[in-house]
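Summary of the model geometry
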2 protein chains.
Amino acid sequence: MDPRIEDHAEILVDHSASVEAGDNVVVSAPPAAEDLTLALCETIGERGAFPFHVSGRRDNTRATFLNAIAAEDLDNADHELALAEAADVWIHVRAHDNVANMSAVSSETMAAYQKAYMPIQEEILDTTWVLTQFPADANAQNAEMSTREYEDFVYGAIGKDWEEQERFQEQMVEILDAGSKVHIVSGDSTDVTMSVEGMTTINDKGKNNLPGGEVFTAPVADSVEGEVLFDKPLIHQGHEVEDAYVRFENGKVVEHSASKNEDVLTEVLNTDEGARYLGELGIGMNRDIDRFTYNMLFDEKMGDTVHMAIGRAYDACLPEGESGNESAVHVDMIVDMAEDSYIEVDGEVVQRNGTFKFEDGFEG
Amino acid sequence: MDPRIEDHAEILVDHSASVEAGDNVVVSAPPAAEDLTLALCETIGERGAFPFHVSGRRDNTRATFLNAIAAEDLDNADHELALAEAADVWIHVRAHDNVANMSAVSSETMAAYQKAYMPIQEEILDTTWVLTQFPADANAQNAEMSTREYEDFVYGAIGKDWEEQERFQEQMVEILDAGSKVHIVSGDSTDVTMSVEGMTTINDKGKNNLPGGEVFTAPVADSVEGEVLFDKPLIHQGHEVEDAYVRFENGKVVEHSASKNEDVLTEVLNTDEGARYLGELGIGMNRDIDRFTYNMLFDEKMGDTVHMAIGRAYDACLPEGESGNESAVHVDMIVDMAEDSYIEVDGEVVQRNGTFKFEDGFEG
């Protein structure tokens, strides 16, 4: 077994999920992640906790979708719900045999399934959960890389000194928490302002996501003004939207376009009222993620990028007791900040051409 | 996909487990049985029931064994227990990557694990459960057959007309239920008598085991007299015992030997008091199982054989409210009845040289 797989398991168990003796730990992983599954079960056992392996197989999920289960009845799947209720820790490993296995499932069926799955999902989110990626062949193919290269990429992004990364990111957290008005400019196409007044910035240090490597907050929903061209492709339910463009007035998207699959973007924006407002502003800070791989778990943490999500805001970013922007969707979109770009907070440039003010090479 | 895999899934779902709409169905299957897992999940979905796939991987179980979990604490594995409690149906598929994966686990550890696992096992036995086999490479190798041949063998044994098989077996059930004294003779080495007075004979028609294909009952524990040479090898926790021989007096094994691994047999017999008494008499009646494959799920149903288990009796065979022979073990051992052999019930020959009295070619 590649020793990096054992390292990956140890980071997941000890750093991300902080597994302790006696914990009931579910490892949700498909056959394509077999080696990591084994390493996880061994490591969990060594900690005196109880591993239980279930399959997150997309093939089987597809079978569930395509067959005669009425999606509204899925909340009767008491066995899966009981497992989620009884779990202390839930480690979900993504790995695919074929990333296109869901391509025949309509977006209506998908949406109905996701709605019906919510009670189970909520129980899982009540555990100490973590989402990670195993470098399976199909995922390497989707990233347009050989499997060997992709392994290097994935383990590079994951196998970091997470305490050092936390300290690095904390510098940006302090800037955003102390700040109010954020101004993001990239080329001629992106020039947007928003308020983050009163919001909390989260330091994503490899806990719920491995890799971690971003800081994120919630904009004041009606404060967003200006336009953004998301120059990295957006993959939504298997469809690639290119050059997504949106223009905000009083926080609301009042104009949009895309050079490819514009109708997918339109559909997302029409989901509900909240789908036309921003729910998240995130800043990628994982310098080992140096290329786009069509996988949001990595892409949104890429150094030299910011991302904005239309739709639902995260509770953790909001003032105590306040609800933020609400929506059934949360769709992240990425702006490349490597060239001809800057981020200002309250009038001070804090990043230029991808380099933060607290990094070497910064030119204010 | 081999269409026989889809047939196998349908027999499991419709005949063995009688899955109905709304049932919570657990499919416990390792990666080596991936195609059957997919076919099962699709078929279960088509019936309007809820498939949930968990892994029965021996590798992971081994990890659990070998690591630092104190076996006595395993009943704290509440997540697995909760799943078993909430399940209506439990389909367990055997398939191996390597049948020797447990070889480094000591028999003490194995026994401690099995004891600790009992609460979960009992919940599974409270569901509508079925145990079956997928013809994985490692299992074919263990059967000393090519995978292609082994597939033919497995699907031949499984893909039967189970209603016809039930009627065939019912003829033997009627003989044993009406009878009292059973006398089994094979060659010079096996000559044993026992009473089945008051016991119920079970017709194994592919419900809890697929393949099914035996009828079995419980001997009156202290009625067994004589000697038996089990001329098919006994595989106990990975160890092969050859030519196991036992002699009974007043039901108890008072003498035993084996030509290979006699100590394993001795250890089994010394487990507890009940381990020296018979718990089961079974008669193999699946004519499509025509060879020994070192797999008790098949071997005990082989036509032309009888098997006897030392240890625990099945409740279903006992008179209402009576407890039969009790033991922590239940170890099946097989006698080849193809040649120079007969079974008498109350003095009448009911099988000679493997042919039943209700079959063509019987010579009373």
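Residues numbered from 1 in each chain as written. Chains lettered and ligands numbered in written order. Predicted model: local features only at pLDDT ≥ 70, side-chain atom pairs only at ≥ 80, totals over all residues.

**Overview of the overall build of chain A**
Heads up, the condition is: Secondary structure counts use DSSP, requiring at least four H or I residues in a row for a helix and at least two E residues in a row for a strand, with both numbered from the N terminus. The globule rule used for comparison is 2.2 Å times the number of residues to the exponent 0.38, while the radius of gyration itself is calculated over C-alpha atoms. Comment: burial labels come from other C-beta atoms within 10 Å of the residue's own C-beta, placed from the backbone, where a count of 20 or more is buried, 12 or fewer is exposed, and between is partly exposed.
When its secondary structure is counted, chain A shows 10 helices and 20 strands. The C-alpha atoms of chain A give 20 Å as radius of gyration, which agrees with the globular expectation for 364 residues (21 Å, within 12%). In terms of principal-axis extent, the alpha carbons of chain A reach across some 50 × 45 × 45 Å. Taking all 364 residues of chain A together, the buried fraction comes to 48%.

**Some words on the domain arrangement of chain A**
Residues and elements named next belong to chain A. Quick reminder of the rule: The start and end points of each domain follow an automatic or database-based domain assignment. By definition, residues are in contact whenever their C-beta atoms, placed on the basis of the backbone, come within 7 Å of each other. Amino acids outside the nonpolar list (Ala, Val, Leu, Ile, Met, Phe, Trp, Tyr, Cys, Pro) and the charged list (Asp, Glu, Lys, Arg) are all regarded as polar, and Gly is one of them.
In terms of domain boundaries, chain A breaks down into domain 1 (3-158) and domain 2 (162-356). With 19 residues of domain 1 in contact, the opposing surface of domain 2 contributes 17 residues. No other element matches the five residues that strand β4 (residues 128-133) contributes to the side of domain 1 that touches domain 2. The residue makeup of the side of domain 1 that touches domain 2, split by class, is 11 nonpolar, eight polar and no charged.

**As for the environment of H183(A)**
Mapped onto the fold, H183(A) is located in strand β5 (residues 181-186). What H183(A) contacts, discounting residues up to four positions off in sequence, is T193(A) and E344(A).

**Brief notes about the packing of helix α4 (residues 78-86) of chain A against helix α4 (residues 78-86) of chain B**
The condition is simple: With axes taken as lines fitted to C-alpha atoms, and helix axes fitted only over the stretch in contact, angles between N-to-C directions fall between 0 and 180 degrees. In this scheme, roughly parallel covers angles under 35 degrees and roughly antiparallel covers those over 145, while 65 to 115 is roughly perpendicular and the rest are oblique. Two helices that cross are described as forming a left-handed crossing if the nearer one is turned anticlockwise from the farther one by less than a right angle, and a right-handed crossing if clockwise.
Put simply, α4(A) and α4(B) touch, their axes get as near as 8 Å, and they point 160° apart. By the angle between their directions, the pair α4(A) and α4(B) is classed as roughly antiparallel. In this structure, α4(A) meets α4(B) at a crossing whose hand is right-handed. Contact with α4(A), carried on its side by D78(A), H79(A), A82(A), L83(A), E85(A) and A86(A), involves D78(B), H79(B), A82(B), L83(B), E85(B) and A86(B) of α4(B) and no other residues of that element. Within the contact of α4(A) with α4(B), the residues separate by chemical class into six nonpolar, two polar and four charged.

**Thoughts on helix α2 (residues 34-46) of chain B**
Residue and element names in this part refer to chain B. Quick note on the threshold: Here the expected length of a helix is defined as 1.5 Å per residue gap, with one fewer gap than residues.
Helix length check: α2, at 13 residues, gives a terminal C-alpha distance of 18 Å against a target of 18 Å (1.5 Å per residue), a fit within 8%. Extensive coverage of α2 is indicated by the burial of 11 of its 13 residues. Taken from the residues just after α2, G48 is the one with a positive phi, measuring 80°.

**With respect to helix α7 (residues 147-158) of chain A**
Residue and element names in this part refer to chain A. What counts here: Note that the arc is defined by the directions from the helix axis to the C-beta atoms.
Counted at 1.5 Å a residue, the expected span for α7 with its 12 residues is 16 Å, and the 16 Å between its end C-alpha atoms agrees. For α7, the full list of buried residues reads Y150, F153, V154, A157 and I158. All buried residues of α7 lie within an arc of 120° about the axis, which places them on one face of the element.

**Some details on the sheet that holds strand β15 (residues 278-284) of chain B**
Residues and elements named next belong to chain B. Definition in use: By the convention used here, strands pair only if DSSP detects at least 2 bridges between them.
Within the open sheet, the five strands sit side by side as β7-β9-β15-β16-β17. Their pairing is antiparallel. Strand pairing shows two members of the sheet lacking a second neighbour, β7 (202-204) and β17 (330-336), which therefore form its edges. If you compare each strand with its neighbour and ignore which way they point, the axes differ by 25° on average. Relative to the sheet, helix α8 (residues 162-178) contacts β7, β9 (214-217) and β15, its axis offset from that of β9 by approximately 25°.

**Points about unusual backbone geometry**
Residues and elements named next belong to chain A. In this structure, the amide linkage connecting L210 to the following residue, P211, adopts the cis form with an omega of 10°. Looking at the secondary structure, you find P211 in the loop between β8 (209-210) and β9 (214-217). You will see that Y294, though not glycine, has its phi angle at about 60°, which is positive.

**Overview of the pairing of strand β14 (residues 252-257) of chain B**
Residues and elements named next belong to chain B. Both strand β13 (residues 244-249) and β14 contribute to a ladder of five bridges, which runs antiparallel. For V246, the partnering residue across the bridge sits in β14 and is H256. Between β13 and β14, which pair antiparallel and follow one another directly, the connecting turn spans two residues, one of which, N250, has a positive phi of 50°.

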